[in-house]
Amino acid sequence: MKINVVLAGPLSKYGNGSRHQIVVLEDACQLKELFSALEIPENKYSFAVVNGIKSLEEVVLQNGDEVKIYPIVSGG
Amino acid sequence: MGLAFESEKCIGCKLCEMACSASHEEMFNPRLGRLRVGSRYENKDLVIEGHVCILCGSCADACPTGAIEMKGGRLHYSKEDCINCGVCVDVCPESVIVQKEEDVGVCDLCQGDPWCVKSCPHGALTNKEVSSS
Amino acid sequence: MMGYQNKVLRINLTEKKWSTEPLNMDWAKKYIGGKGLGIKYLYEELAPGTDPFSPDNKLILMTAPFTGTTVPCSGKLAIISRSPATGTILDCSIGGHIANEIKYAGYDAVILEGALETPGYLYIKDDAIEFITAEGLWGKGSHESETMLLEKYGKEAKVLSIGPAGENLSTMACINSEYYRQAGRGGIGAVMGSKKMKAIVIEGTGGVKVHNMPKALQRINEIMREDTLTDDNLWAYTDGTAMLVEMSNNTGILPTHNFQDGTFMGYNKIDSEAMKKARAGKKACGGCALGCGNFTRTGRGVVEGPEYETLALCGSSCGIDELAAVVKFNDLCDDMGLDTISAGNTTAFAMELTEKGIKDFGLNFGEVESYLKVPELIARNEGIGKELGLGTRELAKRYGGEDFAMQVKGLEFPGYEPRGSWGMGLAYATSDRGACHMRAWPVAMEAYGDLDPFTIEGKAQLVVDMQHSNAVKFSLILCDFWATSEAYMAEVLNLITGESYTEEDMLVIGERVVNIARAFNMREGFTGAQDTLPNRIFNDALKSGATLGKKIPKEEFDQMLSEYYQIRGWTTEGVIGKEKAEALGL
């Protein structure tokens, strides 16, 4: 299945500098496998949003899902 | 050939000036750094400039006592030979020689591992060594 | 102790005299510098009940051991006074290069007392102090004033200035430097205005010495590479604070239409991706390895910014999704010398009063032209500015709408919706200067993290811990964009001063600073009754997105607050317990 990924801010480095990526995964993969496929370590992102909803890494993805991944931010 | 400054990468933090002064003068005082960078707003524009030693050798040529010499691709300064005449300060085209009370401050590329380059967070300052002079 | 200049410059504006004195090292050992030491000085020197606009109020410019060194992200100045907006203790933080210059001039702190008879400014070059008339500057915008002063004294001079807002004693007036950096909140600019001081110009030709320079230089450089320039902090360099617009919107905490909602349709026109298209440069404060400043150029003008707070309170909260309009509003606020957080909030409040037919200010959500007139009207106390300038609390007293005047103790909310991050609600309610996001920022762990945002569980402890960490950070002085540990803080402090602070010492100092601020407020008559939130938070459910239907039940907020007092060793009325005061050596 194809997942439309947005790598926000400095996370574009996991997409070779591109904010938008299309990632191909096996059907019914969980969100955590998307992170593995992009080689984003667990402690390098703050949260991910699947089709507009903040989601845990166990969430099962479907073909055509839009996933946005956000960096760690400090301060206020 | 020595230090290079790229203004597009400079954020104006002045860590370079502070580190230069600290490594040569035992205190953090940007005015005593042997380089000058500035990032400021002028006429609704962001103006960034940087001046580093370009190894032109004008100071060595002008020095009446030979206190400044160009050897092995960098400047060497001898305080004992310096008469503090200030001619080097005047001839430096980049105005990066520091006039102090009893002597001057000259960029010696920190004998090969420049502190300004090490302190620059985003690579605006680089050093390319030449093997002979 | 090294790292300090061991000198305080005390200036009496009434008599146009000055003197210097040693820094109180006993206090410095316990409060370090910046926020903590500044509050300690004000607590000891200011008589309770002093009107913030009285000549007896003091304006304290406080640096710290890290100031003027290569310690990453150390280039901020703390400015302390009693707040005209709230009556509480007020410590602000301004970036740029002014903090370093004060240290190089030879001072740890500058304390301004009394008031000038006629408008003037100060010129300080090392030991030389001059009082100069502000004729020709008074009445002008902060930008024009700074330009004129730099023309007179040269580009290396550093300038603090106020705009017309400060001159006219607006409770949302700020102090500016380098055109686009501010000490923003609580009316700090009005304190300077009440002293008829238009500007302070500083040049410092000296330096800062530390305990063991070769060792400090080497190790601090390593720490910059291993702990500052890391993925956790680089968002500030690549994107700047505008990064948070998208993150807040997608977690339902972006203030929209005066906090009626937490999700804004036009968010992607004012987020960091939109700003990158308009980016014309990057700028850092003194000693900062990150460089969060974005110079932005649009069809309506330029600004360094807008920062997240401005994009939220002057953008989404006002229903404005045109980046150029927010840039213009930001630039006007900077020039007029107004806090964008309070100005934006008050504008949105006026928009809601107009929308609801309670009072017609001629302002409507999303309407750009009338919105752009607001900053100058507030700053010059003209037209609707005469009323908007009162701030949301006073405006609500006059016309109603108290439930949705989004403020605590008279200081307007920053850009995070507490109904979408319940710990943030506690942070706003208990912050020393009114609603503030700089004392504790639970958003990082709740809305943006793994903690359930919609529960009070564990939140009291979280807010306590974060308040201690930020309090000590702002006393060392470090910018909070360098997310670092107390272990690194202690290591760097020891490298600079030659002392042997421990990680635990950092946390104790943080707790002490929070408590001295609380003690100041208690002495001014504050109690737990003021640690609360506007009823909108308890009664109105959010309308869309990730926080649809969310509000904070009052009973739960009360429980969270009560747990917070308990953890802190304060009474159920929110008063510092005797044992706690003694333990901290207050």
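Anyway, here's the lowdown on the structure attached to this text.

Turning our attention to the overall build of chain A. In terms of helices and strands, chain A carries one helix and five strands. Put simply, chain A runs from its N terminus to its C terminus through helices and strands in the order β-β-α-β-β-β. In terms of overall size, chain A behaves like a compact globule, its C-alpha atoms giving a radius of gyration of 11 Å where 76 residues would be expected to give roughly 11 Å. With the C-alpha coordinates aligned to their principal axes, the bounding extent of chain A is approximately 40 × 25 × 20 Å. The proportion of buried residues among the 76 residues of chain A is 51%. Long-range contacts, defined as pairs at least 24 residues apart, comprise 57% of the intrachain contacts of chain A with a sequence gap of at least 6. Carbon and sulfur atoms make up 47% of the accessible area of chain A, which totals about 3700 Å². Computed over 7 positive and 9 negative side-chain charges, the inter-centroid distance for chain A is 10 Å.

On to the pattern of salt bridges, then. Residue and element names in this part refer to chain C. Scanning the model with the defined rule gives 57 salt bridges over all chains in all. In this structure, aspartate 239 engages lysine 276 in a salt bridge whose closest nitrogen and oxygen atoms are separated by 3.0 Å. A residue pair is termed long-range when its members are at least 10 positions apart, and aspartate 239 in the loop between helix 8 (235-238) and helix 9 (243-250) and lysine 276 in helix 10 (residues 272-277) qualify at 37 residues. Put simply, arginine 536 and glutamate 352 hold a salt bridge, and the shortest N to O gap is 2.8 Å. Residue arginine 536 is located in helix 21 (residues 535-539), and its partner glutamate 352 is located in helix 13 (residues 340-355); the two are separated by 184 residues in the primary sequence.

So, on to the side chain of glutamine 260 of chain C. All names here are of chain C. For glutamine 260, the position within the fold is in the loop between helix 9 and helix 10. A distance of 3.0 Å separates a polar atom in the side chain of glutamine 260 from the backbone oxygen of histidine 257. Among the polar contacts listed, one links the side chain of glutamine 260 to the side chain of glutamate 355, at a separation of 3.5 Å.

Moving on, we get to helix 22 (residues 554-568) of chain C. Residue and element names in this part refer to chain C. In a regular helix each residue adds 1.5 Å, so 15 residues correspond to 21 Å; helix 22 covers 21 Å between its end C-alpha atoms and thus fits that length. Phe557, Met560, Leu561, Tyr564, Tyr565 and Arg568 are the residues of helix 22 that are buried. Relative to the axis of helix 22, the buried residues are bounded by an arc of 140 degrees and lie together on one face. Away from its buried face, by an angle of more than 90 degrees, helix 22 presents the exposed residues Glu555 and Gln566. Contacts made by the buried residues of helix 22 are with helix 17 (422-430), helix 18 (459-476), helix 20 (503-523), helix 21 and helix 23 (578-584). Backbone geometry just after helix 22 places glycine 569 at a positive phi near 75 degrees.

All right, on to the interface of chain C and chain B then. It is common to report an interface's size as the accessible area lost on association of the parts. Listed as interface residues are 47 residues of chain C and, on the opposing side, 30 residues of chain B. Summing both partners gives a buried area of about 3100 Å² for chain C against chain B, and 58% of it is carried by carbon and sulfur. Here chain C and chain B share six salt bridges between them. A salt bridge links arginine 297 of chain C to aspartate 45 of chain B; the shortest N-O distance between them is 3.0 Å. Our count for the chain C to chain B interface comes out at 18 residue pairs in polar contact (both at pLDDT 80 or more). Listing elements by their share of the side of chain C that touches chain B, those giving two or more residues are helix 3 (98-104), helix 7 (213-228), strand 13 (279-283), strand 14 (293-298) and strand 15 (301-304) of chain C. Here the side of chain C that touches chain B gets seven residues from one element, more than from any other, and that element is helix 7 of chain C.

Quick look at the packing of helix 17 of chain C against helix 22 of chain C now. All names here are of chain C. Direction vectors running N to C along helix 17 and helix 22 enclose 60 degrees, while the axes themselves pass 10 Å from each other. Here helix 17 is positioned oblique relative to helix 22, judged by the angle of their axes. Note that helix 17 runs across helix 22; the crossing there is right-handed. Contacts from Trp422, Gly425, Leu426, Ala429 and Thr430 of helix 17 reach helix 22 at Glu556, Phe557, Met560, Leu561 and Tyr564. Its residues placed into classes, the contact of helix 17 with helix 22 shows seven nonpolar, two polar and one charged.

The interface is formed by 28 residues belonging to chain C together with 21 residues belonging to chain A. For the chain C and chain A pair, buried surface summed over both sides reaches about 2000 Å², with 54% attributable to carbon and sulfur atoms. Contact with chain A buries area across many residues of chain C, yet Asp231, Met247 and Asn250 of chain C alone supply 26% of it, more than any other trio. Inspection of the chain C/chain A interface yields four salt bridges. The closest approach of N and O atoms between glutamate 273 of chain C and arginine 19 of chain A, which form a salt bridge, is 3.4 Å. Summed over the shared surface of chain C and chain A, the number is ten residue pairs in polar contact (both at pLDDT 80 or more). For the side of chain C that touches chain A, a count of residues per class yields 13 nonpolar, six polar and nine charged.

In this section: the arrangement of the chains. Contacts are most numerous, across the two pairs of chains in contact, for chains B and C. Chain B makes no contact with chain A, the minimum C-alpha separation between the two being 15 Å.

The next subject is unusual backbone geometry. Residue and element names in this part refer to chain C. Here glycine 305 and proline 306 are connected by a cis peptide whose omega angle stands at -10 degrees. Structurally, proline 306 is set in the loop between strand 15 and helix 11 (308-313). Positive phi, normally seen in glycine, also occurs at lysine 16, with a value near 55 degrees. You can see lysine 16 is positioned in the loop between strand 1 (8-12) and strand 2 (17-21). The partly exposed category is assigned to lysine 16, whose relative accessible area is 49%. Its identity is not glycine, yet tyrosine 179 carries a phi of approximately 70 degrees, on the positive side. The residue tyrosine 179 is located in the loop between strand 10 (175-177) and strand 11 (181-183) in this model.

Procedures and definitions
- Residues numbered from 1 in each chain as written.
- Chains lettered and ligands numbered in written order.
- Predicted model: local features only at pLDDT ≥ 70, side-chain atom pairs only at ≥ 80, totals over all residues.
- Heavy atoms only, no water.
- Helix = DSSP H or I, 4+ residues; strand = E, 2+ residues; numbered from the N terminus.
- Rg over C-alpha atoms; globule rule 2.2 N^0.38 Å.
- Buried < 20%, exposed > 50% of the residue type's maximum accessible area, 1.4 Å probe, protein only.
- Contact = heavy atoms within 4.5 Å.
- Areas by Shrake-Rupley, 256 points an atom, 1.4 Å probe, with all protein chains shown as cover.
- Lys, Arg positive; Asp, Glu negative; His and termini not counted.
- Charge placed at Lys NZ, Arg CZ, Asp CG, Glu CD.
- Salt bridge = Lys/Arg side-chain N within 4 Å of Asp/Glu carboxyl O.
- Polar contact = N/O pair within 3.5 Å; in protein donor to acceptor, adjacent residues only side chain to side chain.
- Expected span 1.5 Å × (residues − 1).
- Arc of directions from axis to C-beta.
- Buried area = accessible area lost by both parts, 1.4 Å probe.
- Axes fitted to C-alpha atoms, helices over the stretch in contact; angles between N-to-C directions.
- Parallel < 35°, antiparallel > 145°, perpendicular 65-115°, else oblique.
- Left-handed = near helix turned anticlockwise from the far one by under 90°.
- Nonpolar A, V, L, I, M, F, W, Y, C, P; charged D, E, K, R; others polar.

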